[in-house]
Amino acid sequence: MAAISDPEGENNKIQWAAQQTDVSQLIQAYQHWYNWADADEWASGAAFLRQIGNLGVGNVEAIKFLTQQITYYHNSRLKSSIYLYNAARDALLQLVNQGDVLATEAWQDIQI
């Protein structure tokens with residue numbers, strides 16, 4: 001992973017994500033991060049995605065968002081994109097493993 005230009009800020013974002021209980025708020029935070037974050041701060045984005053996976057059982061918005069992120073990053077060869085692809089994929093798979101029927105359908109739809 002590349003050097004983080006603001007390690008304290010990165011750690012704060014990761015800790016913040018772990019404390020969140022609202023999927024919509026995490027999605028908004030991810031979108032803000034995506035538009036404004038330092039390009040080297042991949043762990044923040046991954047933390048948002050993983051927490052969505054922790055909270056998103058039965059949540060259509062979470063499943064749709066994770067599926068979009070998987071699709072978006074799927075063919076990228078950039079390290080940061082591969083890292084985020086894996087985080088979104090792991091988050092959706094976590095929902096599948098928790099027995100979420102909608103996540104299972106989404107997972108089956110994106111298998112290539």
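Scroll up a little and you will see the structure.
Chains are numbered independently. Their residues run from 1 in the order of the written sequence. With the structure being a predicted model, the display of local features is reserved for residues of pLDDT at least 70 and the display and counting of side-chain atom pairs for 80 or more, all residues being used for whole-chain, interface and lining totals. To get the side-chain values, all heavy atoms of the structure are used, and hydrogens and water are removed first.

**With respect to the packing of helix α2 (residues 23-36) against helix α3 (residues 42-55)**
Stage number 1. Only C-alpha atoms enter the line fits that serve as axes; for helices the fit covers just the stretch in contact. Angles between N-to-C directions range over 0 to 180 degrees. Each helix is a run of DSSP H or I of at least 4 residues and each strand a run of E of at least 2, with the numbering of both proceeding from the N terminus. Axis separation between α2 and α3 bottoms out at 10 Å; the angle between their running directions is 160 degrees. Taken together, the axes of α2 and α3 are roughly antiparallel relative to one another. Handedness of the α2/α3 crossing: left-handed. Taking contact as the criterion, the partners of Val23, Leu26, Ile27, Ala29, Tyr30 and Trp33 in α2 are, on α3, Trp42, Ser44, Gly45, Phe48, Leu49, Gln51, Ile52 and Leu55.
Stage number 2. Looking at the contact of α2 with α3 residue by residue, the class counts come to eleven nonpolar, three polar and no charged. Throughout this description, any angle smaller than 35 degrees is read as roughly parallel, any larger than 145 degrees as roughly antiparallel, any in the 65 to 115 degree range as roughly perpendicular, and the remainder as oblique. With the far helix as reference, a near helix turned anticlockwise by less than a right angle produces a left-handed crossing, and one turned clockwise produces a right-handed crossing. Contact criterion: two residues are considered in contact whenever any of their non-hydrogen atoms come within 4.5 Å of each other. Note on residue classes: Ala, Val, Leu, Ile, Met, Phe, Trp, Tyr, Cys and Pro are nonpolar, Asp, Glu, Lys and Arg are charged, and everything else, Gly too, is polar.

**Thoughts on the packing of aromatic side chains**
Stage number 1. Stacked, tilted and edge-to-face pairs are distinguished by plane angle, under 30 degrees for stacked and over 60 for edge-to-face with tilted covering the rest, among Phe, Tyr and Trp rings (Trp via its six-membered ring) whose centres lie within 6.5 Å. The full count for this structure, using the stated rule, is six aromatic pairs.
Stage number 2. Residues Trp42 and Tyr83 carry aromatic rings whose centres are separated by 6.0 Å and whose planes lie at 45 degrees to one another, so their mutual orientation is tilted. Of this pair, Trp42 sits in helix α3 while Tyr83 sits in helix α5 (residues 79-97), and the two are 41 residues apart along the sequence.
Stage number 3. With relative accessibility at 10%, the residue Trp42 sits in the buried group. For the exposure calls, accessible area comes from a 1.4 Å probe over protein chains only, and a residue counts as buried if that area is under 20% of its type's maximum, exposed if over 50%, partly exposed in between.

**Side note on α2**
Stage number 1. For a helix, the expected span equals 1.5 Å multiplied by the number of residues minus one. Look at α2: 20 Å from first C-alpha to last across 14 residues, which is about the 20 Å you get at 1.5 Å a residue.
Stage number 2. Taken together, the buried positions of α2 are occupied by Val23, Leu26, Ile27, Ala29, Tyr30 and Trp33. Seen end-on, α2 carries its buried residues on one side only, within an arc spanning 160 degrees. Of the residues in α2, the exposed ones pointing more than 90 degrees away from the buried face are Gln28, His32, Asn35 and Trp36. This arc is taken over the directions from the axis of the helix to the C-beta atoms.

**Here's the deal with the nonpolar core**
Stage number 1. Residues belong to one nonpolar core when they are buried, are Ala, Val, Leu, Ile, Met, Phe, Trp, Tyr or Cys, and are joined through side-chain atoms within 4.5 Å. Tyr30, Phe48, Leu49, Ile52, Leu66, Leu84 and Leu92 are the most contacted members of the largest nonpolar core, which totals 30 residues.
Stage number 2. Every element with two or more residues in this core is listed here: α2, α3, α4 (60-73), α5 and α6 (101-110).
Stage number 3. The element that contributes the greatest number of residues to this core is α5, accounting for eight residues.
Stage number 4. Setting aside residues no more than four positions away along its own chain, Phe48 makes contact with Lys13, Trp16, Ala17, Leu26, Ala29, Tyr30 and Trp33.

**Quick notes on the packing of α5 against α6**
Stage number 1. Two elements in contact, α5 and α6, have axes whose closest approach is 8 Å; the angle formed by their N-to-C orientations is 135 degrees. It follows that α5 is oblique to α6 by the angle criterion. Crossing handedness for the pair α5 and α6: left-handed. Together, Arg89, Leu92, Leu93, Leu95 and Val96 of α5 and Ala103, Thr104, Ala106, Trp107 and Ile110 of α6 make up the contact between the two elements.
Stage number 2. Tallied by class, residues from the contact of α5 with α6 come to eight nonpolar, one polar and one charged.

Function-wise, these values are silent; they only describe arrangement.
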